[in-house]
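Summary of structural features
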Amino acid sequence: MLVPRSVRSVARRLAVIGGDAGGMSAAAVAKRRAPELEIVVFERGSYTSYSACGIPFHVGGEVDPLETLVARSPEQHRANGLDVRIGAEVVAVDLGARRLTCADGSEEGFDELLVATGARATPPPVPGVEAAEAARTLEGAGRLRAAVDADRRGSAVVVGAGYIGLELAEAFVRQGLPTTLIDVAGQVFGSLDADMAARVQGAAEGLGIVVRLETTLEEVLLDGAGRPRAVRTDRGEIAARHVVVATGVKPEVGVAEAAGMTVGASGALAVDDHQRAAGQDGVWVAGDCSESHHRLLGRAVNVQLGTHANKQGRIAGMNLTGADLAFPGVIGTAISRICSLEIARTGLSESEAAAEGLDFVAETIESDTRARYMPGSERLWVKLVAERGSGRLLGGQVAGGATAGKRIDTVAMAVWSGMDVEELQWVDLSYAPPVSGTLDPVLVAARATAKLL
Ligand SMILES: Cc1cc2nc3c(=O)[nH]c(=O)nc-3n(C[C@H](O)[C@H](O)[C@H](O)COP(=O)(O)OP(=O)(O)OC[C@H]3O[C@@H](n4cnc5c(N)ncnc54)[C@H](O)[C@@H]3O)c2cc1C
């Protein structure tokens with residue numbers, strides 16, 4: 001990665017499609033570096049720079065009001081010189097003529113284009129599903145919270161037990177609603193190994209969430225007013241006044257693909273390491289709609305996380321104003337708090353390593369978040385996966401009480417830098433009784449894993 005110093009003379013007009021993490025990071029940094037650049041942002045919703053990540057915490061009543069989730073409003077961006085249009089959906093782009101068309105028929109020209117259209121929910125195509133919320137936008141979050149506030153006697157069903165489904169099920173329980181979480185799969189949180197996922201399920205059930213696995217949604221049953229009253233599954237009916245479908249998302253690439261941009265095998269837009277759209281001059285991509293290079297798998301993947309969207313937007317914004325920065329890739333690091341449990345992962349899980357045909361060992365240790373004699377110490381588990389023979393760390397997962405989860409960052413740094421578990425067990429990590437055991441649990445896990453090599 002080169003250090004960006006130069007700001008070249010840039011194109012006159014940049015159009016940005018999508019006004020959240022990817023789009024606004026790019027627009028803001030480009031404007032700071034090249035004030036003469038005219039930047040027009042098209043956002044089909046009514047908010048910019050919002051935290052979709054905070055939606056479950058608003059629904060659950062931890063974060064109020066909804067606008068707290070907005071980091072920078074359209075007005076604030078405009079005050080910084082950006083021409084931000086909200087309620088402006090781009091429906092077509094002509095890359096040759098350098099023109100785009102909005103849903104209201106208006107047309108705008110551009111010299112360079114940044115596509116940051118994010119991802120869209122893919123609910124199962126069952127009757128009544130349109131009455132369920134996807135909880136992906138602030139508008140949707142506002143509707144959901146208003147419905148809960150208006151009817152706390154009803155119960156809730158969340159369809160899809162990934163991290164977003166789990167966070168939303170917790171939100172409903174925190175609002176006092178009996179809540180059922182259903183999923184077609186045999187475990188919650190599919191990106192974790194089954195042993196770690198079982199701990200998450202235990203934490204969810206401990207808070208009162210009813211978890212029904214291997215259960216398929218067949219219909220959302222509506223009352224006379226068109227509101228949910230129950231869901232029908234292949235295992236029977238469950239009463240539900242509030243239904244959220246969190247069964248997955250796909251990169252939002254329709255307009256870009258129709259314009260001739262390349263969609264990669266992951267379903268997201270293909271880019272080079274500078275966030276340049278594959279085969280296109282002056283066209284950039286950032287965020288959930290973009291492919292990312294996976295440093296361990298050695299191929300392009302689509303990982304939809306706010307942290308990547310911000311970095312990729314920043315890199316695109318710098319490069320389109322003359323810098324020479326490469327996005328170094330991803331390794332699958334993610335974290336969540338599910339009920340009483342912090343849960344995190346990085347690199348390859350055991351099942352991913354097996355799917356890649358790698359020869360590996362895996363070990364899980366149980367430890368404590370602080371010295372066991374200290375008040376507030378809670379249990380935690382660290383699982384590491386390492387390549388047999390070389391001992392190279394392939395990945396890790398952490399579950400446990402408060403403060404456990406961020407230990408994944410130590411593991412991520414070790415995976416990122418290609419460290420092996422023999423070396424990791426001796427790394428100089430900190431210790432004091434109120435924050436850690438004498439040996440940090442990551443070191444203990446590295447030692448246990450090294451023994452298996
Ligand atoms: C409930 C929830 C919880 C999450 N929690 C986390 C978390 O804890 N950690 C984490 O890292 N990530 C989390 N994420 C993911 C994170 O929010 C996304 O990765 C991030 O928002 C991606 O930013 P983006 O700019 O690429 O896309 P988006 O945020 O989806 O923004 C894209 C924008 O483009 C607009 N748009 C799309 N098409 C058009 C068009 N044709 N014309 C005009 N505008 C258009 C959309 O309206 C949208 O505002 C969560 C997401 C959700 C929904």
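Described in the following lines is the structure provided in the data block.

Remarks on the sheet that holds strand β11 (residues 210-212)
Taken in spatial order, the four strands line up as β11-β10-β9-β15 in an open sheet, and their pairing is parallel. A single partner strand is all that each edge strand has here, and the edge strands are β11 and β15 (242-245). The sheet shows a mean angle of 15 degrees between the axes of neighbouring strands, direction not considered. Where strand β9 (residues 156-159) lies against β15, four bridges are found, and the strand directions are parallel. Its bridge partner being in β15, V159 is matched across the sheet by V245. Each of β9, β10 (179-182) and β15 touches helix α5 (residues 163-174); the most contacted strand, β10, lies at about 170 degrees to it.

Quick look at the nonpolar core
Nonpolar side chains in soluble globular proteins generally cluster together in the buried interior. Grouped together as the largest cluster of nonpolar side chains are 42 residues, with contacts concentrated most on F172, V188 and V200. Only α2 (55-59), α4 (138-150), β9, α5, α6 (194-206) and β21 (341-347) provide two or more residues apiece to this core. Tallying contributions element by element places α5 first for this core, with six residues. Among all residues touching V188, those that are not within four sequence positions of it are A161, L166, A197, V200, Q201, V211 and L213. Core analysis: the second largest hydrophobic core is formed by 24 residues, I331, A386, A404 and V421 among them.

What about the sheet that holds strand β5 (residues 99-102)?
Strands sit in the order β4-β5-β6 across an open sheet of three strands; the sheet is antiparallel. Edge positions in the sheet fall to β4 (90-94) and β6 (107-109), since each of these pairs with one other strand and no more. Neighbour to neighbour, the strand axes of the sheet diverge by 20 degrees on average, direction disregarded. In the sheet, β5 pairs with β6 via three bridges, with the strands oriented antiparallel. Residue pairing in the sheet places L100 in a bridge with E108 of β6.

Rules used in this analysis
- Residues numbered from 1 in each chain as written.
- Predicted model: local features only at pLDDT ≥ 70, side-chain atom pairs only at ≥ 80, totals over all residues.
- Heavy atoms only, no water.
- Pairing = 2+ DSSP bridges.
- Helix = DSSP H or I, 4+ residues; strand = E, 2+ residues; numbered from the N terminus.
- Axes fitted to C-alpha atoms, helices over the stretch in contact; angles between N-to-C directions.
- Contact = heavy atoms within 4.5 Å.
- Core = buried A, V, L, I, M, F, W, Y, C linked by side-chain atoms within 4.5 Å.
- Buried < 20%, exposed > 50% of the residue type's maximum accessible area, 1.4 Å probe, protein only.

Functional significance is not addressed by these values, which are geometric in nature.
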